[in-house]
Amino acid sequence: MDHPLILGIETSCDETAAAVLRGRTILSNVIASQAEIHSRYGGVVPELASRHHLERIDTLIDLALEQARVALADLDAVAVTQGPGLVGSLLVGVQAAKAIAYVRRIPLLAVNHLEGHLRSVFLEHPGVRFPAVSLIASGGHTSLYLSPDEDRVVRLARTRDDASGEAFDKVAKLVGLGYPGGPVVDRLARTGNSRAVPFSSPRMSDGSLDLSFSGFKTAVLRHARSRGLDRPYPAGEPDQETRDLLASFQSAVVEFMVKRVMTVARRDSARSICLSGGVACNSLLRARLAEEAAKEGLEGYAVSPSLACDNAAMIAEVGRRKLLRGETADWTLNAEPGLEL
Ligand code: KG4
Ligand code: ZN
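Numbering of residues starts from 1 in each chain and follows the order in which that chain's sequence is written. Think of it this way: whatever chain is written first is A, whatever ligand is written first is 1, and the rest follow in order. Where local features are concerned, this predicted model is filtered to residues with pLDDT of at least 70; where side-chain atom pairs are given and counted, the filter is 80 or more; whole-chain, interface and lining totals use all residues. Note that the side-chain values use all heavy atoms of the structure and ignore hydrogens as well as water.

Some words on the packing of helix H2 (residues 46-68) against helix H3 (residues 87-104)
Piece 1. Angles run from 0 to 180 degrees between N-to-C directions of axes, and those axes are lines fitted to C-alpha atoms, restricted for helices to the stretch in contact. Strands here are runs of E lasting at least two residues and helices are runs of H or I lasting at least four, both read from the DSSP assignment and numbered beginning at the N terminus. Relative to each other, H2 and H3 sit at 30°, their axes nearing to 8 Å. Our classification of the angle between H2 and H3 gives roughly parallel. Between H2 and H3 lies a crossing of right-handed hand. Within the contact between the two elements, H2 uses Ala-49, Ser-50, His-53, Leu-54, Ile-57 and Ile-61 and H3 uses Gly-88, Ser-89, Val-92, Ala-96 and Ile-100. Here is the rule for angles: anything less than 35 degrees is roughly parallel, anything more than 145 is roughly antiparallel, 65 through 115 is roughly perpendicular, and the remaining ranges are oblique. The crossing is said to be left-handed when, going from far helix to near helix, the turn is anticlockwise and less than a right angle, and right-handed when the turn is clockwise. The contact criterion used throughout is that any non-hydrogen atoms of two residues lie within 4.5 Å.

Here is the structure:
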């Protein structure tokens, strides 16, 4: 089985996703976002998320198979996100995968969502040179990893409070812009002055390279309140002062992450810098990392937007590697909301 046909299923948060890979080739990669459903709440409502996964999972799997022009009977294995994530959401995917594996009598593969994000870059760019430093920046996680080679991964730093995407989401909510906040802040920041509002970067008292984002959010909250920029959803198109605040916030968060990445890349003699997770869609972060990597003579890889946000192609890819190693799951497989990488 050199090029196994694998169905990937992802339901860890608010995207219902299914994908089919033949070997490393993505035959289909379909995603149903629930963003609109959670938008007015300013964040993901777990009960609503699991209910919508349940309603959509079968259709999404059918669609992924159809677009890949394969049938359920052709599959060699099924891979599913086991964690981390919301337990009710994870369970929908795990049960669907188990049912398919059971009925078709094919291997079941349990995948760590974070490994999926990490490997999404290697899937898209097979030529990544190691050692590589990876920044996974998403709505639920923000961590730095070192991969000495394609098989090994060591965590170097993690956020001590909010995730970077969560900071974007909370800031957007604060000024009445809805969920998810990242894309809208990214867009509005382009017409704002990033030097208008000063921010200070967090520093760990123990000298560690861990990350922290809640301070940026609190600074935005204070500034917005003092200037009367805090508004309920839906606030409509924001004024110039709000755009300036958003541009300043985005720039501060991006520069903080870029600085951390470059510090560890230098320290650990990395040859590549890899960026994944939903926040990898951020135009400023992509541009600044590419710029800094080039300055240092390093290769910079930011995953494409279609593979940056939660998707099942990255889950199938991790599953493929597990299948090759013979690491299959059994019927006791359960969702692990707090799974670590
Ligand atoms: O990886 P992802 O789809 O889900 C998690 O695993 O969390 O990431 C979603 C996060 C959200 O917080 C969203 O606001 C953020 O990614 N995001 C962005 C951008 N696009 C999505 N953040 C900043 N700039 C963007 N362009
Ligand atoms: Zn994710």
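Here the narrative resumes.
Section: the packing of helix H5 (residues 164-174) against helix H6 (residues 181-189)
Piece 1. In the contact formed by H5 and H6, the axes pass within 8 Å of each other and the chain directions differ by 70°. With respect to H6, the element H5 is oriented roughly perpendicular. Here Phe-168, Asp-169 and Ala-172 of H5 lie close against H6, whose contacting residues are Gly-181, Gly-182, Val-184 and Val-185.
Piece 2. When residues are sorted by character, Ala, Val, Leu, Ile, Met, Phe, Trp, Tyr, Cys and Pro go into the nonpolar class, Asp, Glu, Lys and Arg into the charged class, and all the rest, Gly among them, into the polar class. Across the contact of H5 with H6, the residue classes tally to 4 nonpolar, 2 polar and 1 charged.

Here we look at the pattern of salt bridges
Piece 1. What counts as a salt bridge is simple: a side-chain nitrogen of Lys or Arg found within 4 Å of a carboxyl oxygen of Asp or Glu. Going through the model one piece at a time under the given rule, you end up with 26 salt bridges.
Piece 2. Measuring nitrogen to oxygen at the nearest pair gives 3.9 Å for the salt bridge that ties Glu-150 to Arg-24. Taken together, the residues span a long stretch of sequence, with Glu-150 in the loop between strand E7 (142-147) and strand E8 (154-158) and Arg-24 in the loop between strand E2 (15-22) and strand E3 (25-33) at a distance of 126 residues.
Piece 3. Think of it in three bands: with a 1.4 Å probe and only protein chains considered, a residue is buried below 20% of the maximum accessible area for its type, exposed above 50%, and partly exposed in between. Its relative accessible area of 25% is what places Glu-150 among the partly exposed residues.
Piece 4. Linking Asp-230 and Arg-225 is a salt bridge whose minimum nitrogen-to-oxygen distance equals 4.0 Å.
Piece 5. Asp-230 gets classed as partly exposed once you look at its relative accessible area, which sits at 33%.
Piece 6. Taken together, the salt bridges that share partners define one network made up of Glu-255, Arg-288, Glu-291, Glu-292 and Lys-295.

Digging into the coordination of the zinc ion (ligand 2)
Piece 1. Sodium, potassium and calcium take a 3.2 Å donor cutoff, other metals 2.8 Å, and in both cases only N, O and S atoms count; water is not among them, so sites may look incomplete. The protein atoms that coordinate the zinc ion (ligand 2) are His-113 (NE2), His-117 (NE2) and Asp-310 (OD), at distances spanning 2.0 to 2.1 Å.
Piece 2. With 4 donor atoms in place around the zinc ion (ligand 2) and angles of 94 to 142° between them, the coordination shape is irregular.
Piece 3. In primary sequence terms, the donor set of the zinc ion (ligand 2) follows H-x3-H-x192-D. One end of the pair, His-113, is in helix H4 (residues 113-124); the other, Asp-310, is in the loop between helix H10 (305-308) and helix H11 (313-325), and 197 residues separate them in sequence.
Piece 4. By relative accessible area, which is 4% here, His-113 ends up buried.
Piece 5. Given the relative accessible area of 13%, Asp-310 is considered buried. Just to be clear on the cut-offs, tetrahedral is four donors with all angles between 85 and 135 degrees, square planar is four donors and octahedral six with opposite donors over 155 degrees apart and all others between 65 and 115, and anything else goes down as irregular.

Side note on the sheet that holds E3
Piece 1. Strands qualify as paired when DSSP identifies two bridges or more between them. Overall, mixed pairing links the 5 strands, which are arranged E3-E2-E1-E4-E5 in an open sheet. A strand with exactly one partner marks an edge of an open sheet, and here the two such strands are E3 and strand E5 (108-112). Averaged over neighbouring strand pairs, the angle between their axes works out to 20° when direction is ignored.
Piece 2. Relative to E2, strand E1 (residues 5-10) runs antiparallel, the two sharing 6 bridges. In the strand pairing of E2, Leu-5 is matched with Arg-22.
Piece 3. Its contacts with the sheet place H3 against E1, strand E4 (77-83) and E5, and it is angled at close to 160° to E4.
Piece 4. Running over the sheet, H11 touches E1, E2, E3, E4 and E5 and is turned about 130° from E1.

The values are spatial; any link to function lies outside them.
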